[in-house]
Amino acid sequence: MEAENLPRTRLFIDQPLAPGGTAALDGDRAHYLRAVLRQGLGDRVLAFNGKDGEYLAGIEALSKSAGVLRLERRTRAPAPDAPPAPWLVFAPLKGGRTEYVVEKAVELGAGRLVPVFTRRGDVGRVNLDRLRSNALEAAEQCERLDAPEIADGIEIHKLLAGWDPARTLFVAAESGAALPLVTAVTAAAGKPVAFLVGPEGGFDQQELDALRRLPFVVSVGLGPRVLRADTAAFSALAVWQAAAGDWRSGDGDARPPNRD
C-alpha cells in the first residue's frame, strides 16, 4: 500500500502485535475512536507498541467502553540501526510548561524523560499520569514507533548518586567553563547521553559544584543568548539530533515515513 493511503490515526497499544492477531482497546482508546474521531467497524488505524513496529489494523469491535483491533500487516519494522535516543533530565516548570516540555521532547526524539527537583526549582511535584498521557499522545502524533518512559520525579542528589557513569550527562551550564554544544555532542555520537536542564532560577552553587566533580558530567554552552529553560531543553535535543542523532539517518530523505 502506498504511504499516502495509510490512515493518519495512530494508537499506542501496550500489547504484543503480530499479523492476523488482535489487540484489545481500553475504555479511553475506544472512546477516542468512537466519540472523538467518529470511527466505526471496518475503519483502519495504525497501531504500535514500541517493540514490534507499526501495524495496519481494522476496527473489529467498538463500544463505549471497549474495542478490538484486527492486525492486518506490518507497515514499519523497528529500525535496527537507530542511534541511541538521548534522555532529557529537566526541572519541572510552572503554568503548564512541564507538559509542553514533555510534548516537544517526545517530538524531538527523547528516549526517557526524568523530572528532577533542584534547590531553586519552582515546582516540587509533578502529575506523572498526565505527563505519561501527554507523552503517548505526542508519540502517536509524531509517528514515533515507541513511547518514551516518563520516570518518577527525583531529587537531584539522588539522581546523581544512582547515575550510570557509562551515560554522559551534558549539563546546560549558566557559568564556568563549558564546551560548545555542537562540539560536545559530535564527539559523543553513537554513545548513550542525557541532557540536564535546570530551573528558571538556575542551579544552586552547591549543585553546580557537585556536578562538576563527577567524571560523567560535561558542561555545555547553548550559545550567546540567555534561553528559557524549556527553550534550552529543545535546543539541546535538536542539536543532538542534527549532529549525532536520527536527523542524519535514512537514505538522504530523513522525513516522517508515512508522508508523501
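Residues numbered from 1 in each chain as written. Predicted model: local features only at pLDDT ≥ 70, side-chain atom pairs only at ≥ 80, totals over all residues. Heavy atoms only, no water.

**Structural notes on the overall build of the chain**
Along the backbone of the chain there are seven helices and 13 strands. Taking 2.2 N^0.38 as the reference for a compact globule, 260 residues should give roughly 18 Å; the C-alpha atoms of the chain span a radius of gyration of 20 Å, in line with that estimate. Across its three principal directions, the C-alpha atoms of the chain cover 60 × 40 × 30 Å. Of all 260 residues assigned to the chain, the portion counted as buried reaches 42%. Taking the contacts inside the chain whose residues are at least 6 apart along the sequence as the reference set, 75% of them involve residues at least 24 apart. Total accessible area on the chain is roughly 13,200 Å²; 49% of this is exposed by carbon and sulfur atoms. Considering the chain, the positive charge centre built from 32 side chains and the negative charge centre built from 34 side chains are found 2 Å apart. (Helix = DSSP H or I, 4+ residues; strand = E, 2+ residues; numbered from the N terminus. Rg over C-alpha atoms; globule rule 2.2 N^0.38 Å. Buried < 20%, exposed > 50% of the residue type's maximum accessible area, 1.4 Å probe, protein only. Contact = heavy atoms within 4.5 Å. Areas by Shrake-Rupley, 256 points an atom, 1.4 Å probe, with all protein chains shown as cover. Lys, Arg positive; Asp, Glu negative; His and termini not counted. Charge placed at Lys NZ, Arg CZ, Asp CG, Glu CD.)

**Focus: the packing of helix H2 (residues 97-107) against helix H3 (residues 128-142)**
It is the contact of H2 with H3, at a shortest axis distance of 8 Å, that shows an interaxial angle of 35°. Considering only the axes of H2 and H3, their crossing is right-handed. In this structure, H2 contributes Thr98, Glu99, Val102, Glu103, Val106 and Glu107 to the contact, and H3 contributes Arg130, Leu131, Asn134, Ala135, Ala138, Ala139, Gln141 and Cys142. Its residues assigned to classes, the contact of H2 with H3 shows seven nonpolar, three polar and four charged. (Axes fitted to C-alpha atoms, helices over the stretch in contact; angles between N-to-C directions. Left-handed = near helix turned anticlockwise from the far one by under 90°. Nonpolar A, V, L, I, M, F, W, Y, C, P; charged D, E, K, R; others polar.)

**Section: the pattern of salt bridges**
Side-chain pairs of opposite charge can arise where the charged atoms are in close proximity. Applying the stated criterion across every chain, the model contains 15 salt bridges. In this structure, Arg97 engages Glu200 in a salt bridge whose closest nitrogen and oxygen atoms are separated by 2.4 Å. Separated by 103 residues along the polypeptide, Arg97 in helix H2 and Glu200 in the loop between strand S12 (193-197) and helix H6 (205-212) bring together distant segments of the chain. A residue is classified by how much of its surface remains accessible, and Glu200, at 36% relative accessible area, is partly exposed. (Salt bridge = Lys/Arg side-chain N within 4 Å of Asp/Glu carboxyl O.)

**Structural notes on the nonpolar core**
Ranked by internal contacts, the top residues of the largest apolar core, which has 38 residues, are Leu88, Val102, Leu113, Phe170 and Phe195. Among the secondary structure elements, those contributing two or more residues to this core are strand S6 (87-90), H2, H3, strand S10 (168-172), helix H5 (181-187), S12 and helix H7 (229-243). Take this core: its biggest share by element is eight residues, from H7. Setting aside residues no more than four positions away along its own chain, Phe195 makes contact with Pro86, Trp87, Leu88, Val89, Leu169, Phe170, Leu181, Val185, Ala236, Leu237 and Trp240. Of all hydrophobic cores here, the second largest spans 17 residues; its members include Leu160, Val171, Leu196 and Leu208. (Core = buried A, V, L, I, M, F, W, Y, C linked by side-chain atoms within 4.5 Å.)

Worth remembering: the numbers are spatial, not functional.
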